[in-house]
Amino acid sequence: MRRFELLMPTSLDEASRLLREREGDVKLIAGGASLLILMKSGVYQPSCLVSLQRIPGLADVHFDPGEGLRIGALTTHRVIERSPVVRERLPVLSEMARMVANVRIRNTGTIGGNLCQADSHADPPPLLLALGARVRAKGGKGTRTIPLEEFLLDYYQTALQPDEVVTEVAVPPLPAGSTAAYLRHTVRSAEDFPCIGAAAVVEWQDGICRQVRLVLGGVAAVPQRARQAEALARGRSLTEPLIGQMAEAAAEEVEPISDFYGSAWYKKRMAGVFARRVLLVAWAQRTGR
Amino acid sequence: MSGEGMGMALEIVGQSVPRSDGQEKVAGQARYMDAIDLPGMLVGRVLRSTVPHGRLRRVDAEKARRVPGVVTVVTGESLRRDGRLNPYYGPALLDQPVLAIDKVLYVGDPVAAVAAVDEESALEALDLIEVEYEELPAVFEPLDAIAPGAPLLHEGELKPGGLFVDLTDVHPVPGTNICNHYVMKKGDGEAGFRHADIVIEQTFSIPETQHYPLEPHSVLAWVDPSGRIALYANTQQPFIVRAQLADIFQVPPSHIRIMVPYLGGAYGAKCYPKAEPIATVLAWFARRPVKLTFTREEVFLTITKHATVVKMKSGAMRDGTLVARKVECYLGTGAYAEIGPRVSKKMGTNGAGPYRIPHVQMDAYCIIYTNKPPAGAFRGYGLPQVTWAFEQQMDTLARELRIDPVEIRLKNLFVDGDTFWYGERLNALGLRECLLKAAAAIRWGEPSQALPGKRRGKGLAIMLKTLTHGASIAFVKVDDDGTAKVLTSTVEMGQGSDTVLAQIAAEELGLPVERVSMAHPDTDFTPFDDKTSGSRSTVAMGKAVLLAAREARERLLELAAEQLEASVHDLEVRRGQVRVRGTDRALDVAQVVRAHFRSKGGTIMGRGEFHTKLAREEFWFAAAGAAEVEVDPETGEVRVLKYVGACDVGKAINPHLCQQQVLGGAVMGLGQTFSEEMVYDHGQLLNPSLINYKLPAFRDLPAQLEVILLETPYSEGPFGAKGVGESAVPPVAAAIGNALVDAIGVRLYELPITAEKVLKALEEAGGAGPVGAGGAR
Amino acid sequence: MTPIELSLTVNGERRALTVPPQRLLLEMLQRDLHLTGTKEGCGVGVCGACTVLMDGRPVSACLVLAAHADGHEVTTIEGLGRDGQRHPVQAAFLEWSAFQCGYCTPGMILAATALLQEHPAPSEEEIREYMSGNICRCTGYMDIIRAIQSCTGGAKR
Ligand SMILES: Cc1cc2nc3c(=O)[nH]c(=O)nc-3n(C[C@H](O)[C@H](O)[C@H](O)COP(=O)(O)OP(=O)(O)OC[C@H]3O[C@@H](n4cnc5c(N)ncnc54)[C@H](O)[C@@H]3O)c2cc1C
Ligand code: FES
Ligand code: FES
């Protein structure tokens, strides 16, 4: 690898200051799983890296009745996968974390790094978006909280300011009686980013579907919410034909982009198939079928 | 007299003895190139072309030379200016410069090389080399490259490599990108087709893929004060690389010494010169040891498996009897011929399939230059490509004629006594048995039961491959402590040659296998071997080792006969003891050696050699594959429920290792079938790493993977053995392609079989599953 | 570039060393500590040839900065056996000849060791899933599965 300088601040303020001082020629490094690949291939050649690893308190996971699960940015996928709090409060998040990459990458790759990388085929974004997660970031101008929908802007682009560091992801508690599911569809090998990731969160009231959030990852630059499909179900009881209609609507409204994982045509088809499948899972959880 | 000759019960051959390299390998102590360093060693790095075809207007390395830590920067121009070197090499044609001269021919063509004290300085230097290209029109697909008006890659006349007798007939077609055109004819093709009840014509295609050994190419080269050149290199062919380097440096081959440690896999990727010319040139200019290890991306840009288009036409009678076949293969060999001409020959020889066909016309085996990385030897030498075609065509015929696919193959396949294309008598094939066993193992004829919403089907494929030409020589020395060392230049790259060759020697010498060890290749001291590839080590080198061991054994027995005062004919050696048969008069082999030399030291030697007769196909190895698949008609996903690989190995010297060869070959075949493909955009490789080039992983394995070994002894092979390194690979894709048709009624012609292609084909055939429950089409 | 000072435990031994900032854990093991049993097969986290255990957990040494191993405990293939004795997983790989070229083997053995720590008696499904991030290009995997099963009393030769 090419030479660079490595700075290891011990506080967020210091990190943010270093980012400001070196603006343009500096990168934060968390686990390094994504960043180092891009540096090896020469896509990025920053002369300086600022490591987050010595900043205390960034890897905690706890439950806060108001804000829900608060997951520190440096929390690894593996910790989310195995965390008792996550398993208790949001088992779907733990199940999703287990599908990310392989066990080694899950041991070093962090949730903050994953979101900041803003890879269009990553697993966490569609589910976290369906769950209404918010990203907290700290920079020179203080701390702000950004809904994930506004955080992810484009391929590899987020709403972060150059001197901001993501400190945590907050996932609100599921309303009582909700169910949530995530499915991924790999096409080249099981050891791959998903071609499509599909997440559904359904809020139930007396057997009626009060609200659905249906999100599809991998189809476009950022995860797509299938709002028309969601609208179809609002206030109705789910049936297989209704889920079928929702799937069709979802396929209809996404505008996929062709890439390594499939053509626009294929992804549109899979958007429908996996919208249906993920809704069926969320429905089955509710009915216990 | 020998164990083999007398048909005595075998003690070591036929046993799954533990691998001799096992202890080192599980301890992480086995020495590969990454553990070999020299004091003062420099690090080499290569600058590569960023355009697919262009003239080099300017290569300016001045700034790079000034980077602290940089010792040498070499360009094509410096090679030419120096004048002492011949910068062109190539096993078939001298068409490849060590570093680009005047022109670059693909994205990744080496342009300049740097040797520096560390990697960082070398990289900094690479960044500072200024290159100006004048881009030329480029051509990427073989069929485009032979279209009229296609840009020419090699403009001048190309000299033959002069290395191999079987390649003396390689001739580029002047004014075209065709670097070799291989023709083979039997009977009268057109008449055959006129006669047929049914004629089928199909076109198949196979993309470039990678061998992807986990270990990249790596070389440590130095020039000693006397001017001799030495290298550690992870090559499958030390002697051939030595010959090529000798031509480059204009020195006798013996001025170059090549030593080969363990290889971390090869599969054909480490045949012929790879990193050696650049590394050696760097060391030669730097006058210091230079280690050059290719990055992963560079490995992708160094060698591929040939992308191929196969046009195949077959005529058959109503009862399934084949009467005529016409095959055209268009191999894209990339920017340099490499060993492509031999791949095309092998593909030609085996390309009509292992069937009796009176009229065969393989009239256009073209091997075509394109602006892509060079393609060369890949496990199976052309068979993986062409089997995808002929075995799918066989199934098509069976379906059209409503004949069972096994039946139609049985009706046509070669059996012992048939005549092969050049007139040789086929013998010891085992092809029919492979087919029948594989079919039985997959429960051929019993319908598959699919889960609701899924579809299942079965398919099979067979193949027959010939041995590659070459010579192998072995020495066996028995030392005064009763141990034996076997000196060969066979490369242990994972196939288990160290273990198997030691078993052969131990069996023949009558020594416990632990008392036999193998030397690793060192061209100064181990005898010549053509190559470790083409499934030839067990049979060709195995035979040489057997003969060498036999000679040493005979000498031992002569000595023991004197010492024991018995007739040689009454002696036997087993488990390290020479014994007068039926008595307890015995001497340990160690005692025999010592007594002869009347000292604590002494060595008994034996020598053996094996070579194939020219242009003759000496022996054949057969294989079959059978698959059961399950298709999800909504997504197009294909899951292999069961795969069976059946291979005839002649004699399994070490059954466990043979089984593993078949398993490994089958899984490699699965990768070629489902996921492996190099993807380019205007000659730029888009997936030069495992992030987007997908190899099969544990979770991609079939639920069941079964191996069947058959043993139809080959009279010339050691203990009847044939090769097994390649045979499991070729049938996989076609067996799965055929199973797909059985499951969903659609055939794919283009590899790899992706979920998307399956869904698209299903859709076109009107059989895709619904999206929503109501079916959103 | 300011070099980085590290102190960590490698195979049970405390080590203090100074490395350039861009040093990767894999390079540090191979070049600075001459522990060449850890292999590089892809450099991008996919193949697992570089698997080492950091505080008992498998990681890709090719994608970890050496600086990030500061203060941690690293186990490589060289440190797996104790007192010259083979670790049971090494013994099982040997027994089953669960390798050919051997380039994936150190990583496979470490990954399998971590798996067995977590699930002392994994099913074949669990083995396939946990190990799936370790690529073997040679063996076709089946003998590796059997070797791991044999550690739990599963497969018998
Ligand atoms: C082999 C492999 C397979 C993978 N498979 C999957 C998969 O299947 N699904 C999936 O979702 N992901 C997958 N990934 C991606 C993986 O999840 C991410 O690499 C990982 O989560 C990134 O985390 P990191 O801590 O390593 O980030 P880093 O590599 O350290 O950083 C990534 C980017 O985020 C920035 N960054 C990191 N942390 C912060 C922060 N706190 N604040 C601001 N910016 C920050 C960095 O500057 C950098 O630009 C895979 C990766 C690999 C290598
Ligand atoms: S070398 Fe690190 S995972 Fe492949
Ligand atoms: S043994 Fe060669 S890669 Fe696994």
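Refer to the structure above for everything that follows.
Residues numbered from 1 in each chain as written. Chains lettered and ligands numbered in written order. Predicted model: local features only at pLDDT ≥ 70, side-chain atom pairs only at ≥ 80, totals over all residues. Heavy atoms only, no water.

Here we look at the packing of helix H18 (residues 655-674) of chain B against helix H19 (residues 731-744) of chain B
A packed helix pair is summarised by two numbers, namely the angle formed by the two axes and the spacing between the axes.
All names here are of chain B.
Next, step 1: Contact geometry of H18 with H19 gives a least axis separation of 8 Å together with a crossing angle of 55°. In terms of orientation, H18 and H19 fall into the oblique class. The element H18 and its partner H19 pack so that their crossing is right-handed. Facing Ala-666, Gly-669, Leu-670, Thr-673 and Phe-674 of H18, the residues of H19 in contact are Val-732, Ala-733 and Ile-736.
Next, step 2: For the contact of H18 with H19, the class distribution of residues is six nonpolar, two polar and no charged. (Axes fitted to C-alpha atoms, helices over the stretch in contact; angles between N-to-C directions. Helix = DSSP H or I, 4+ residues; strand = E, 2+ residues; numbered from the N terminus. Parallel < 35°, antiparallel > 145°, perpendicular 65-115°, else oblique. Left-handed = near helix turned anticlockwise from the far one by under 90°. Contact = heavy atoms within 4.5 Å. Nonpolar A, V, L, I, M, F, W, Y, C, P; charged D, E, K, R; others polar.)

Regarding the interface of chain C and chain B
Next, step 1: In this assembly, 51 residues from chain C lie in contact with 49 residues from chain B.
Next, step 2: In this assembly, chain C packs against chain B so that about 4100 Å² is buried in total across both faces, 57% of it on carbon and sulfur atoms.
Next, step 3: The tally of links between chain C and chain B comes to three salt bridges.
Next, step 4: Put simply, chain C and chain B have 25 residue pairs in polar contact (both at pLDDT 80 or more) between them.
Next, step 5: Across the side of chain C that touches chain B, the residue classes break down as 24 nonpolar, 15 polar and 12 charged. (Buried area = accessible area lost by both parts, 1.4 Å probe. Salt bridge = Lys/Arg side-chain N within 4 Å of Asp/Glu carboxyl O. Polar contact = N/O pair within 3.5 Å; in protein donor to acceptor, adjacent residues only side chain to side chain.)

Points about the pattern of salt bridges
Next, step 1: Inspection of every chain in the model, using the stated rule, returns 93 salt bridges over all chains.
Next, step 2: We note a salt bridge from Glu-298 of chain B to Arg-48 of chain B, for which the minimum N-O separation is 2.8 Å. Placement of the pair is Glu-298 of chain B in helix H10 (residues 296-300) and Arg-48 of chain B in strand S1 (residues 42-48), with a sequence separation of 250 residues.
Next, step 3: On the basis of relative accessible area, Arg-48 of chain B is assigned to the buried category, the value being 12%.
Next, step 4: Because the salt bridges share partners, they merge into one network encompassing Asp-64, Glu-67, Arg-70, Arg-134, Arg-136 and Glu-168 of chain A. (Buried < 20%, exposed > 50% of the residue type's maximum accessible area, 1.4 Å probe, protein only.)

Describing the interface of chain A and chain C
Next, step 1: With 29 residues of chain A at the contact, the number on the chain C side is 31 residues.
Next, step 2: Of the roughly 2400 Å² buried at the junction of chain A and chain C (both faces included), carbon and sulfur atoms supply 59%.
Next, step 3: Where chain A touches chain C, the interface holds four salt bridges.
Next, step 4: Close ionic contact of Arg-82 of chain A with Glu-118 of chain C constitutes a salt bridge, the shortest N to O distance being 2.9 Å.
Next, step 5: Inspection of the region where chain A meets chain C yields 15 residue pairs in polar contact (both at pLDDT 80 or more).

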